[in-house]
Amino acid sequence: MAVKWFACAAVLAAIVPTAAAADDPNDPAMRSSLARERDRETIRRLNLQELARVRARDARYAEGWRAARAGDLAANDYAARSRDHDRAMASYARSRAAYERAMVEWRQAVAACRAGDYSACER
């Protein structure tokens, strides 16, 4: 535990001085107006690059959100297809039950015909 604490403290000690010196108002290199203008232009260019990157990222996100909303429509379409499937399965079950009843009647007629009831042979 103590080793991790010291390692974190060492990393923090290494980072803090660098961050503190990043924008030093007493930097001798920034005394001339030309150097400050060059620095300002560099920062502006970097900010514009970042803005372009963020806008491109947001456009990709927006595309993903449009696709997700289209997926919601697909979910509604799925629900409609599911209801159609349920109706088709119920219709199939009714048709199958009618077929089974007809087959029972036919088998009974065949058995009666073979048993000598010739009027059952005409069905």
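What counts and what doesn't
- Residues numbered from 1 in each chain as written.
- Predicted model: local features only at pLDDT ≥ 70, side-chain atom pairs only at ≥ 80, totals over all residues.
- Heavy atoms only, no water.
- Helix = DSSP H or I, 4+ residues; strand = E, 2+ residues; numbered from the N terminus.
- Buried < 20%, exposed > 50% of the residue type's maximum accessible area, 1.4 Å probe, protein only.
- Areas by Shrake-Rupley, 256 points an atom, 1.4 Å probe, with all protein chains shown as cover.
- Disulfide = S-S within 2.5 Å.
- Salt bridge = Lys/Arg side-chain N within 4 Å of Asp/Glu carboxyl O.

Caption draft 1: Geometry of the overall build of the protein. Each helix and strand in the protein was counted, giving two helices and zero strands. Out of the 123 residues belonging to the protein, those deemed buried represent 3%. Summed over its atoms, the accessible surface of the protein is roughly 10900 Å², and 60% of this surface lies on carbon and sulfur atoms.

Caption draft 2: The arrangement of the state of the cysteines in detail. The final tally for this structure, using the stated rule, is one disulfide. Put simply, Cys113 and Cys121 are joined by a disulfide, and their sulfur atoms are 1.6 Å apart. The chirality of the disulfide connecting Cys113 with Cys121 is right-handed, given an S-S dihedral of about 95°.

Caption draft 3: Up close: the pattern of salt bridges. Overall, the coordinates contain five salt bridges when judged by the stated rule. Across the pair Glu37 and Arg40 runs a salt bridge whose closest N-O atoms are separated by 2.5 Å. Taken together, the positions of Glu37 and Arg40, both in helix α2 (residues 33–114) and three residues apart, correspond to about one turn of that helix. On the accessibility criterion, Glu37 (39% relative accessible area) is partly exposed. Across the pair Arg53 and Glu50 runs a salt bridge, and its minimum N-O distance is 2.5 Å. Of this pair, Arg53 and Glu50 both sit in helix α2, three residues apart, which is roughly one turn of that helix. Judged by its relative accessible area of 45%, Arg53 falls in the partly exposed class. Taking the relative accessible area as the measure of exposure, Glu50 reaches 37% and is therefore partly exposed.

Spatial relationships are all this shows, so hold off on functional conclusions.
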